[in-house]
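Analysis of the macromolecular model
Each chain is listed here by its residues.
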Amino acid sequence: MAQEISLETLAGAKAREAMSGKPDTPPAVESIQEEKLSPEQLARVEEIKNSIDLTDSQAALQYGVGAQRSIAGFADNILSQVRSKDSGYVGELMSDLVIKVKDVGVDKLNEDSFADKIPFFRTASRSLKKFMQRYEDLEVQIDRIEGELEKARMEMLKDVTMFDGLYEKNLEYYQELQIYIAAGEEKLKELREDTIPRLRDQARQKGDPMSAQLVSDFEDTVNRFEKKVHDLKLSRTIAIQTAPQIRLIQTNDKLLV
């Protein structure tokens, strides 16, 4: 159960933060429509929401920072892997193979001069010998290309499996961000609709300027927390954009295989 915040609670927290500066107040953020969460995830949302203590101003700044850092590092890792992959190399190998095969000229076996076609059998023998010589020259090159293509195929098969794992990891980060966002929004709703109005009433009843200042400072902390939840939504967008990129690269590898 979350601790109820009162003027006395704020005064005590203020005393502990006497030497701390007050950051600028950020703009409010729009609410979003939450996606359905599983019962286990909803339980985590409730647990995280109840653990949020905004009497500590640092809590607003550190909220969800672990999940946020994970998705940022993961996206950078995906980008570096995309940059290191050279699918063009495989395309060049395949184009080179097609050219070499065409150079063998099976359909040109009988394309000799008119004189070479008399007598017929001598011409056929000459054409066959020329074809075999040409084939022997290209055979080594074709074998080399075939070997390179086989190596590339095996690497891409490994990549296909690897990208399945990356997709699942990205989904985990996305769901973790979803939980923190949902918990943060639930906490904001509670603070906006219950805690802050109650604190304002207490301050008015006391008629004490210091009490009014305590409430104002707490509202600043809530605003910073709201900005932090907005930052988590931006990080979630990274996860959303990363998912189709992973599948696109994976599909390209499957087609090449």
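Scroll up to find the structure this text is about.
This section reports on the structure supplied with the text.

Bringing the pattern of salt bridges into the picture now. Across all of its chains, the model carries 14 salt bridges by this definition. When salt bridges with common partners are traced through the structure, they connect Glu 46, Lys 49, Lys 187 and Glu 190 into a single cluster.

You can see Glu 190 is positioned in helix 6 (residues 120–206). Relative accessible area serves as the criterion here: at 27%, Glu 190 is assigned to the partly exposed category. Non-local contacts of Glu 190, meaning those with residues more than four positions away in its chain, are made with Lys 49 and Thr 195.

What follows concerns the packing of aromatic side chains. Geometry of an aromatic ring pair is reported as the spacing of the ring centres plus the angle between the planes. Enumeration according to the criterion identifies two aromatic pairs in this entry. Relative to Tyr 180, the ring of Tyr 63 has its centre 5.4 Å away and its plane inclined at 70°; by these criteria the two rings are edge-to-face. One end of the pair, Tyr 63, is in the loop between helix 3 (57–62) and helix 4 (65–84); the other, Tyr 180, is in helix 6, and 117 residues separate them in sequence. Per residue, the accessibility class of Tyr 63 equals that of Tyr 180, and both read buried. Through a chain of ring-to-ring contacts, the aromatic side chains of Tyr 63, Tyr 180 and Phe 225 assemble into a single cluster. Cation over ring: Arg 247 sits above Tyr 167, and NZ or CZ is 3.8 Å from the ring centre.

Conventions and cut-offs
- Residues numbered from 1 in each chain as written.
- Predicted model: local features only at pLDDT ≥ 70, side-chain atom pairs only at ≥ 80, totals over all residues.
- Heavy atoms only, no water.
- Salt bridge = Lys/Arg side-chain N within 4 Å of Asp/Glu carboxyl O.
- Helix = DSSP H or I, 4+ residues; strand = E, 2+ residues; numbered from the N terminus.
- Buried < 20%, exposed > 50% of the residue type's maximum accessible area, 1.4 Å probe, protein only.
- Contact = heavy atoms within 4.5 Å.
- Phe/Tyr/Trp six-rings, centres within 6.5 Å; stacked < 30°, edge-to-face > 60°.
- Lys NZ or Arg CZ within 6 Å of the ring centre and 35° of its normal.

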